[in-house]
Amino acid sequence: MTEILLNLTTRPIPYPQQVHDRLEVEAREIIARYPHPRSALLPLLHLVQSVEGYVSGTGIEFCSGQLGLTDAEVTAVATFYSMYRRTPTGDYHVGVCTNTLCAVMGGDEILATLKEHLGIRHGETTADGAVTLEHIECNAACDYAPVMMVNWEFFDNQTPESARALVDALRRGDQVTGTRSGAPLCTFRETARILAGHPDQRPGANDGAPGPATLAGLHAVQENPTDGGAQ
């Protein structure tokens, strides 16, 4: 009970003045893009997430102050969307899809393998701070199941062996690229800045294109136009 009362009465520790001033300038730029200030809440949450690697009480208080919202309103949004982390996150957020198709195709086995290999449980971070492991909900990538995502970059057609190799490369500091883009992965905090609206200047970041599995249905209809939609 004492711990609960402390959590309710303790104010978040403010950002250092230099960090606060920088965020305030960036927040004004983001808010100016929207007709109503509160519409900027999602990118602002990404912005504060880029500072600490998660949305802290300090970040929530900053967002509410910038937008004229209550802390409760900001918290409601931050806890609704899974892309906003509420606990500290490693350099690489490794998500394994365990929804139906990915699970059937091996997602559950991949997640179990990584837990054992990394020695951590769901939601935990390795001791070196490199990898946070989590199961994730469907990311509309069923055509390449089983799928993993690292800082929201796709890694398609994974196996337990390829998943182990991937996290080992991340922990070694190797340059790693997703399967749909030629851009090297950036850290979780750097990804958050991009999602907040800052330019993604990585070479190859916008080179991705739909793959054969994604386009299979379209090609089937084009090859048999009289059958498309007839049944």
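Since this is a predicted model, take the numbers as computed values, not measurements.

Caption draft 1: Examining the layout of surface pockets more closely. There is about 280 Å³ of room inside the largest pocket. Lining the largest pocket we find 15 residues, and of these Ser82, Met83, Glu134, Ile136 and Trp152 sit closest to its centre. Sorting elements by how many residues they give to the lining of the largest pocket places strand S2 (residues 131-136) first, with three residues. By residue class, the composition of the lining of the largest pocket is five nonpolar, six polar and four charged.

Caption draft 2: Inspection of the nonpolar core at higher detail. Residues Leu44 and Leu45 are the most contacted members of the largest nonpolar core, which totals 22 residues. Sorting the residues of this core by element identifies helix H2 (17-31), helix H3 (41-52), helix H4 (57-67) and helix H5 (71-80) as the ones contributing at least two each. Examining the composition of this core, we find that six residues originate from one element, H3, more than from any other. Contacts of Leu45, omitting those with residues within four sequence positions, involve Val55, Cys63, Val74, Val77, Ala78 and Tyr84. Grouped together as the second largest cluster of nonpolar side chains are 21 residues, Tyr92, Val96, Val131 and Val176 included.

Caption draft 3: Geometry of the environment of Tyr34. Tracing the sequence through the fold places Tyr34 in the loop between H2 and H3. Sequence separation between Tyr34 and Gly57 is 23 residues; the distance between their C-alpha atoms is 25 Å. Setting aside anything within four residues of it in sequence, one finds Tyr34 in contact with Ser39, Ala40 and Pro43.

Caption draft 4: Just helix H8 (residues 188-195), in detail. Those residues of H8 not exposed but buried are Phe188, Thr191 and Ala192. All buried residues of H8 project into a common sector of 105 degrees when viewed along the axis, lining one side. Looking at the packing, one finds that the buried side of H8 touches H3 and strand S1 (92-97). Where H8 ends, the next residue or the one after it, Gly197, has phi of about 120 degrees, a positive value.

Caption draft 5: View of empty space enclosed by the protein. One pass over the full model with this rule turns up one cavity of 30 Å³ or more. When the residues that make up the lining of the largest cavity are grouped by side-chain class, the tally is six nonpolar, one polar and no charged.

Caption draft 6: Representation of the sheet that holds S1. One open sheet holds the four strands; their spatial order is S2-S1-S3-S4, and the pairing between them is mixed. On the outer flanks of this sheet lie S2 and strand S4 (153-155), each paired with one strand and no other. Ignoring strand direction, the axes of neighbouring strands in this sheet form an average angle of 25 degrees. With three bridges connecting them, strand S3 (residues 148-150) and S4 associate as antiparallel partners. Bridging across to S4, Val150 finds its partner in Glu153.

Caption draft 7: Just unusual backbone geometry, in detail. The omega torsion across Ala145 and Pro146 is 0 degrees, close enough to zero to call that bond cis. Phi at Ala140 is positive, roughly 55 degrees, even though this residue is not glycine. Examined against the element boundaries, Ala140 turns out to sit in the loop between S2 and S3. On the basis of relative accessibility, which here comes to 67%, the residue Ala140 falls in the exposed class. For Trp152, which is not a glycine, the phi torsion comes out positive at approximately 70 degrees. In this structure Trp152 comes out as buried when scored by relative accessible area, which is 18%.

Caption draft 8: Layout of the UniProt feature "binding site: [2Fe-2S] cluster" (unreviewed entry) in the protein chain. UniProt's feature table lists "binding site: [2Fe-2S] cluster" (unreviewed entry) at Cys97, Cys102, Cys138 and Cys142, given in the numbering used throughout. What stands out for the annotated residues spanning 46 residues is how close their C-alpha atoms remain, the widest pair being 9.6 Å apart. Among the residues just listed, Cys97, Cys102, Cys138 and Cys142 line the largest cavity. Structurally, Cys102 is set in helix H6 (residues 100-118). Beyond its immediate sequence surroundings of up to four residues, Cys102 is in contact with Cys97, Gly107, Ala145, Pro146 and Val147. Mapped onto the fold, Cys142 is located in the loop between S2 and S3.

The rules we used
- Throughout this document, residue positions are counted from 1 along each chain, in the order its sequence is written.
- It should be noted that, the model being predicted, local features are given only for residues of pLDDT at least 70 and side-chain atom pairs only at 80 or more, the latter also being counted only at that level, while totals for whole chains, interfaces and linings use all residues.
- Calculation of side-chain values draws on the structure's entire complement of heavy atoms; hydrogens and water are dropped beforehand.
- With a 1 Å grid laid over protein atoms only, a set of points is called a cavity when a 1.4 Å probe fits there but cannot get out and a pocket when it is open yet has protein on both sides within 12 Å along at least five of seven lines; lining residues have an atom within 4 Å of a point.
- Grid points are joined across faces, edges and corners, and a volume is the space filled by probe spheres set on the points.
- Elements are defined by DSSP. Helices are runs of H or I of four residues or more, strands are runs of E of two residues or more, and each kind is numbered from the N terminus.
- For this scheme, ten residues count as nonpolar: Ala, Val, Leu, Ile, Met, Phe, Trp, Tyr, Cys and Pro. Four count as charged, namely Asp, Glu, Lys and Arg, and the remainder, Gly too, count as polar.
- The definition of a nonpolar core used throughout is a set of buried Ala, Val, Leu, Ile, Met, Phe, Trp, Tyr and Cys residues joined through side-chain atoms within 4.5 Å.
- Per-residue accessibility, obtained with a 1.4 Å probe over protein chains only, is compared with the maximum for each type, and a residue is labelled buried under 20%, exposed over 50%, and partly exposed between these values.
- Contacts are assigned to residue pairs with any non-hydrogen atoms lying within 4.5 Å of each other.
- By arc we mean the arc of the directions from the helix axis to the C-beta atoms, nothing more.
- Should DSSP find at least two bridges between two strands, the strands are regarded as paired.
- Helix axes use the C-alpha atoms of the stretch in contact, all axes being lines fitted to C-alpha atoms, and the angles between their N-to-C directions lie in the range 0 to 180 degrees.
- UniProt positions are given in the numbering used here, feature names are shortened, and annotations may be inferred rather than shown by experiment.

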